[in-house]
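# Understanding the architecture of this molecule
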Amino acid sequence: GGFKPSREKESIVCSGLLSLVGFFACKRLIPVVARANLAKGLFGKDINKRGTEGGEIPIPESLGLATGLVHIVCIVLFQVIHTHFLRPPPSSQRHHEGWWSCLKDALLGPSDSPYPASSPSYLLPQHGLDDWTEKWLIQYNSALASISLMVFLGFADDVLDIPWRTKLVLPTVATLPIIAAYTGSTAILIPLPLRDLVGCSLVDLGVLYQIFMVLVVVFCTNSINILAGLNGLEAGQTLIIAGAVLLFNVTKLSSIVALPELTLEDVRVRDAHLFSAYITLPLVAVTAALLLFNYYPSRVFVGDTYTYFAGMALAVSGILGHFSETLLVFFIPQIINFVYSTPQLFKVVPCPRHRLPVYDRETGLLHPSRRQDGGYNLNLVTLFLRLFGPCTEKQLCNRILFFQFVCCAFGFALRHVLAGVYK
Ligand code: UD1
Ligand code: MG
């Protein structure tokens, strides 16, 4: 009984502390970037506000630039810390590691290898940059490449107004680094009741699974971007989804850490969830900082820089955490909004530049908005107004965020039920 002490707790604490620093850094950086963006003409009108119809109060746009930058810096710094201080140390080789090894042991306590004695030798760390660390770095750097590329493309979109169809291509290209580095399974588990029909319990989708992952990224980035238009909505939904992802990681990790002995599969799952947590912790931090400025009434707008960055960070965390199917369950509001929007997205019915609600100057309430042809705009924001009646911008945002919360809770319940169907 009992579990061996290893580095996973230290690494999570380390990533958490770094993210905390990231939160404060982001909080300081946002006003600076906001002023710079405003000076360069990067601002927008707050369309749902009284008196802004003439465009009197410009709100700085594209603050995703600040959050994206701090997130990237956080994960770059964590990479250095992880590679040099937190990688699993082989106890037999500890004396080769020099004075800082003694220092870290003094600070963090001595630790044994997290690998079970039965691990094949290729998994065991070697002197210098061991195989495990090398493999970890490949994955980590691919995540870094994909996220950085997406911040860059998002900002380019904010500045240059890239046409909608091109917007679909951008995340596809930005996915390639993580798809190339993906080491998880490309098979899907068949539910118990269907196994007799299919004739096996696992079906390897191969290249189809890789296409599926590209679609996950394209979906995550664009779906957050189009569930938008209310102060705090883009950052709010991201914070809730990221919170759910983090909770999912922690639940999985704590159940694995509690095992008396780990199989190779346990080690793989553990490492994947640790990886996912390293991406998600700083995402939660920078998003919380952004929300301080973006929540009603917005002092800054997040821009497509943020929506693309956030969608990519979540997708990377789900894909390299090997739970992209579960991730999609947390995206139920975005799926509903996306499917409901398709007639407008594919121009079957007219789609105006903005599908924001209509602001009533008399009452200060928002009303459902209509298209040029008279029909209602086909998105979740308008649907909520039609279903639950006119309300203030803040109320409407909170209602949708509450729905997001309920969907994430439902995701956890669904997993619990499905566990029985899949075992
Ligand atoms: C997406 C939506 C669009 C919606 C817009 C709002 C689709 C296909 N596209 O477009 O319908 O109007 O997001 O973000 O569904 N704004 C506000 N209040 C806010 C947030 C944004 O008034 O709380 C306005 C500001 O003028 C801001 C602009 O929206 O400058 C940003 O729009 P942008 O992100 O460029 O729109 P898209 O992502 O292209
Ligand atoms: Mg947008």
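Bear in mind that the values here come from a model prediction, so they are computed numbers and not experimental data. (Residues numbered from 1 in each chain as written. Chains lettered and ligands numbered in written order. Predicted model: local features only at pLDDT ≥ 70, side-chain atom pairs only at ≥ 80, totals over all residues. Heavy atoms only, no water.)

## Some details on the coordination of the magnesium ion (ligand 2)
Protein coordination at the magnesium ion (ligand 2) comes from N225 (OD1) and D304 (OD), with a distance range of 2.1 Å. Here D304 lies in helix α10 (residues 303-320) and N225 lies in helix α7 (residues 207-226), a separation of 79 residues in the sequence. Grouping residues by exposure puts N225 and D304 together as buried. (Donors = N, O, S within 2.8 Å, 3.2 Å for Na, K, Ca; no water. Helix = DSSP H or I, 4+ residues; strand = E, 2+ residues; numbered from the N terminus. Buried < 20%, exposed > 50% of the residue type's maximum accessible area, 1.4 Å probe, protein only.)

## Topic: helix α4 (residues 131-160)
Under the 1.5 Å per step criterion, the end-to-end length of α4 is 43 Å for 30 residues, consistent within 8% with the ideal 44 Å. Where α4 begins, the side chain of D130 points an oxygen toward the backbone nitrogen of W132, at a separation of 3.2 Å. The positive-phi residue at the C-terminal boundary of α4 is D161, with phi of around 50 degrees. (Expected span 1.5 Å × (residues − 1). Polar contact = N/O pair within 3.5 Å; in protein donor to acceptor, adjacent residues only side chain to side chain.)

## Some details on the site of ligand 1
The immediate surroundings of ligand 1 are formed by 19 residues, with K45, I47, E61, N231 and H354 found nearest. A distance of 2.6 Å separates an oxygen atom of ligand 1 from a polar backbone atom of K45. Here an oxygen atom of ligand 1 and a side-chain polar atom of R353 are 3.0 Å apart. Calculation on ligand 1 without its partners gives an accessible area of 720 Å², and the protein chains cover 90% of this total. Elements with a minimum of two residues in the shell around ligand 1: β1 (43-45) and α7. Grouping the amino acids of the shell around ligand 1 by side-chain chemistry returns 7 nonpolar, 5 polar and 7 charged. (Near = heavy atom within 4 Å. Areas by Shrake-Rupley, 256 points an atom, 1.4 Å probe, with all protein chains shown as cover. Nonpolar A, V, L, I, M, F, W, Y, C, P; charged D, E, K, R; others polar.)

## A few points about a nonpolar patch on the surface
A contiguous nonpolar surface patch, about 400 Å² in accessible area, is contributed by V13, L17, L20 and F24. By secondary structure assignment, the location of F24 is in helix α1 (residues 8-39). (Patch = residues over 30% accessible without salt bridge, like charges linked within 9 Å, V, L, I, M, F, W, Y side chains within 5 Å. Salt bridge = Lys/Arg side-chain N within 4 Å of Asp/Glu carboxyl O.)

## Details of the side chain of Q237
Along the chain, the position of Q237 falls in helix α8 (residues 233-257). A residue is classified by how much of its surface remains accessible, and Q237, at 1% relative accessible area, is buried. In this view, Q237 contacts I224, L227, Q334, L401 and Q404; residues no more than four positions away in its chain are not counted. (Contact = heavy atoms within 4.5 Å.)

## A few points about the packing of aromatic side chains
One pair of aromatic rings is described through two measures. These are the centre distance and the angle between the planes. Under the definition given, this model contains 18 aromatic pairs. Note on F78 and Y140: the rings are 6.5 Å apart at their centroids and 45 degrees apart in plane angle, and the pair reads as tilted. Residue F78 is found in helix α2 (residues 64-86), and its partner Y140 is found in helix α4; the two are separated by 62 residues along the sequence. Ring-pair connections join several aromatic residues into one group, and the members of that group are F78, W136, Y140, F275 and Y278. Over the aromatic face of Y376 sits the side chain of R370, whose NZ or CZ is 4.1 Å from the ring centroid. (Phe/Tyr/Trp six-rings, centres within 6.5 Å; stacked < 30°, edge-to-face > 60°. Lys NZ or Arg CZ within 6 Å of the ring centre and 35° of its normal.)

## Observations regarding the pattern of salt bridges
One pass over the full model with this rule turns up 8 salt bridges. One salt bridge connects R270 with E8, and the closest N-O pair in it is separated by 3.7 Å. Pair noted here: R270 is in helix α9 (residues 264-294) and E8 is in helix α1, with a separation of 262 residues, a long-range link. Taking the relative accessible area as the measure of exposure, R270 reaches 3% and is therefore buried.

## Looking at the environment of R415
Within the secondary structure, R415 is located in helix α14 (residues 393-422). What makes R415 partly exposed here is its relative accessible area of 32%. Considered as a pair, R415 and T175 are 240 residues apart in the sequence and their alpha carbons are 26 Å apart.

## With respect to the state of the cysteines
If you walk through the whole model with that rule in mind, you get 0 disulfides. The cysteine C220 is free of any disulfide, with C408 supplying the nearest cysteine sulfur at 12 Å. Under the relative-accessibility criterion, C220 is labelled buried at 0%. (Disulfide = S-S within 2.5 Å.)

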